[in-house]
Amino acid sequence: MSPAAWSRALRPEWQTDPKVWRTEVLAGLVVGLALIPEAIAFSIIAGVDPAIGLFASFTMAVTIAVFGGRRAMISAATGAVALVIAPLNREHGLGYLVAAVILAGVFQVILGVLGVAKLMRFIPRSVMVGFVNSLSILVFMAQVPEMRNVPWAVYPLVVGGLLLMVFFPKVTTVIPAPLVSIAILTAITVAAGIAVPTVGDKGALPSSLPVPGLPDVPFTTDTLVLVAPYAFAMALVGLMESLMTAKLVDDITDTHSSKTRESVGQGIANIVTGFFGGMGGCAMIGQTMINVKVSGARTRLSTFLAGVFLMVLCIVFGPVVSEIPMAALVAVMVMVCFATFDWHSIAPKTLRRMPLGEIAVMVITVVCVVVTHNLAVGVIAGSVTAMVIFARRVARFAEITAVRDDDGTGVVYRVSGELFFASANELVGRFDYAGDPDRVVIDLSAAHIWDASAVAVLDTVETKYAQRGKTVQITGLNDPSADLHGRLTGELTGH
């Protein structure tokens, strides 16, 4: 991307619109508040100090705001990444985790340049719906521990927070409802002296900015071999979650984003985060929905300010932020779950009309994500299932009909449909090798050869006829099919 293009990309509409400024600033503040307990929770999952997760959220958000391809999308420390790198930290220490984060960023830049983002076109809608619904379920499940074995006052606070977010927008949308909910619930608990779990109970907040440095590991081939598998897994999981989230935001905002730039941006953000000693991360569906769907943000400013506010709140207003009741943040996340879940996808009317295969793909995606808590597993399982169903469905369209000459000296087999591994293999048994006359014509005018399996099947058919002293003529090949058949025929089966 040229310097001029970068300049245009970084010159958003909020420069001249005060209303947009207000929306973006307040959205960034809400997200910054919501990031604190999640970053701490993900730090615990990864087995590192809470400051490591908070630093990662700061550097990821600020960096991706500049280099990312999807405006208003939030990137920070995430549970998916924490789960991938936790074993490395547990077995070898923080230095190796940081090295893996940097290497994962390098992998992401390389994959982005190679165009891995283009693979998004092969992810079916049913997988996208399953992805969104499973994320909503996971976010909700993450809130459940905050409502177990807690003082009774937590429950009315959560309900009150939800009611505020439902009804406050009917009064005004000038201030985001989540911010109002957090402020009011905090004021109530502090003023009334209500003893409930707070953000401060999750861990100590950092008191200074992160300092750049190199990971404390030996720079040897052994270190590279050790961290590379974790780094590559983190790169794939991070890219998959980020690109899926970007596509979701595209749909919500009716705007397009550069998935290639987002892939490279994620890599740059992780490299920067690693050099600042963070645990890495990727796009966050929950915080992104708070920013885009609940708060109405649309520009990079909200993403940048989310990271800035996170550090300011921790360093400058740490004592105040520590008093925020977890119930207020739980209410915000529960609201996000209900707003994100695609309720239309499970409506009885929709399910009655939807093909059974599409429903199966959606359910498999949801189940795999919820069971494994790994978005990559669910998306891969759903996509593979969709491909198998599609292959079976297309294979049924391959048809063959036989027409004998009037004099009985020849027969023409007319083949129609798509010939590939799933459909072509069944054709071998559709020919009457013993009963057909000596001259056989296979007319492929209404067919298309897609792969080597189809060519191999045609070779097999020719071989079976040749063993009986009969000749086969293949006609009607379109140009791509003729080219593939000409290159591979006779090379795949023994004649």
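Everything numeric here is computed off the predicted structure, so don't read it as measured data.

Colleague: So what exactly am I meant to see when it comes to the overall build of the chain here?
Modeller: Secondary structure summary: the chain contains 20 helices and six strands in total. Over its C-alpha atoms, taken along the principal directions, the chain stretches across nearly 100 × 60 × 50 Å. For the chain, buried positions account for 52% of its 495 residues. Look at the contacts in the chain between residues 6 or more apart in sequence, and 84% of them connect residues 24 or more apart. Just so you have it, the chain exposes about 22100 Å², and 65% of that area is on carbon and sulfur atoms. Once the 33 positive and 34 negative side-chain charges of the chain are each reduced to a mean point, those two points are 8 Å apart.

Colleague: Help me understand the state of the cysteines in this model?
Modeller: Between two cysteines, a covalent bond joining their sulfur atoms is known as a disulfide. Under the criterion given, the structure shown has zero disulfides. Cys282 supplies the cysteine sulfur nearest to Cys337, a cysteine that is in no disulfide, at a spacing of 17 Å. The thiol of Cys368 is unpaired, and the distance to the nearest cysteine sulfur, on Cys282, comes to 19 Å.

Colleague: Help me understand the packing of helix 8 (residues 177-192) against helix 14 (residues 326-340), please; the structure alone is not making it clear to me.
Modeller: The N-to-C vectors of helix 8 and helix 14 enclose an angle of 160 degrees; their axes lie 9 Å apart at closest approach. Classified by the interaxial angle, the pair formed by helix 8 and helix 14 is roughly antiparallel. Read as a crossing pair, helix 8 and helix 14 show a hand that is right-handed. Contacts from Pro178, Ile182 and Leu185 in helix 8 reach Ala328, Leu329 and Val332 in helix 14.

Colleague: Please clarify how the sheet that holds strand 5 (residues 439-449) should be interpreted in this entry.
Modeller: What links the strands of a sheet is backbone hydrogen bonding, and the strands pair in either a parallel or an antiparallel sense. Strand order in the open sheet formed by four strands is 3-4-5-6, and the pairing between neighbours is mixed. The open sheet has two edge strands, strand 3 (399-404) and strand 6 (471-475), and neither has a second partner. Adjacent strand axes in the sheet meet at a mean angle of 20 degrees when their direction is disregarded. In the sheet, strand 3 pairs with strand 4 (residues 410-419) via six bridges, with the strands oriented antiparallel. Looking at the pairing, Ala402 lines up with Tyr413 of strand 4.

Colleague: Help me out: how do you make sense of the nonpolar core in this one?
Modeller: Among soluble globular proteins, nonpolar side chains are generally buried collectively. Ranked by size, the top nonpolar core spans 103 residues in total, and within it Ile36, Leu54, Met244, Met279, Ile290 and Leu310 carry the most contacts. Residues contacting Ile36, with those up to four places away along its chain left out, are Leu54, Val199, Leu205, Leu310, Leu313, Cys314 and Val321. One finds Ala398, Val411, Val415 and Val472 within the second-largest nonpolar core, a separate group that totals 25 residues.

Colleague: In this structure, what is going on with a nonpolar patch on the surface? I would like to understand it.
Modeller: Taken together, Val159, Leu163, Val166 and Phe167 make up a surface patch of nonpolar side chains, about 350 Å² in accessible area. The topology assignment puts Leu163 in helix 7 (residues 154-171). Leu163 gets classed as partly exposed once you look at its relative accessible area, which sits at 45%.

Colleague: How do you make sense of the environment of Pro319 when you look at a structure like this?
Modeller: Here Pro319 shows up in helix 13 (residues 318-322). In sequence terms Pro319 and Gly200 are 119 residues apart; their C-alpha atoms lie 8.1 Å from each other.

Colleague: Please clarify how the packing of aromatic side chains should be interpreted in this entry.
Modeller: The relative placement of two aromatic rings is captured by the distance of their centres and the angle of their planes. Summed over all chains, the structure comprises eight aromatic pairs. Taking the centre distance of 4.5 Å and the plane angle of 45 degrees together, the rings of Phe341 and Trp343 count as tilted. A relative accessible area of 15% places Phe341 in the buried class. Ring centres of Phe431 and Tyr433 lie 6.2 Å apart, and the angle between their planes is 35 degrees; this geometry places the pair in the tilted category.

Here is what the cut-offs are and how they apply
Residues numbered from 1 in each chain as written. Predicted model: local features only at pLDDT ≥ 70, side-chain atom pairs only at ≥ 80, totals over all residues. Heavy atoms only, no water. Helix = DSSP H or I, 4+ residues; strand = E, 2+ residues; numbered from the N terminus. Buried < 20%, exposed > 50% of the residue type's maximum accessible area, 1.4 Å probe, protein only. Contact = heavy atoms within 4.5 Å. Areas by Shrake-Rupley, 256 points an atom, 1.4 Å probe, with all protein chains shown as cover. Lys, Arg positive; Asp, Glu negative; His and termini not counted. Charge placed at Lys NZ, Arg CZ, Asp CG, Glu CD. Disulfide = S-S within 2.5 Å. Axes fitted to C-alpha atoms, helices over the stretch in contact; angles between N-to-C directions. Parallel < 35°, antiparallel > 145°, perpendicular 65-115°, else oblique. Left-handed = near helix turned anticlockwise from the far one by under 90°. Pairing = 2+ DSSP bridges. Core = buried A, V, L, I, M, F, W, Y, C linked by side-chain atoms within 4.5 Å. Patch = residues over 30% accessible without salt bridge, like charges linked within 9 Å, V, L, I, M, F, W, Y side chains within 5 Å. Salt bridge = Lys/Arg side-chain N within 4 Å of Asp/Glu carboxyl O. Phe/Tyr/Trp six-rings, centres within 6.5 Å; stacked < 30°, edge-to-face > 60°.

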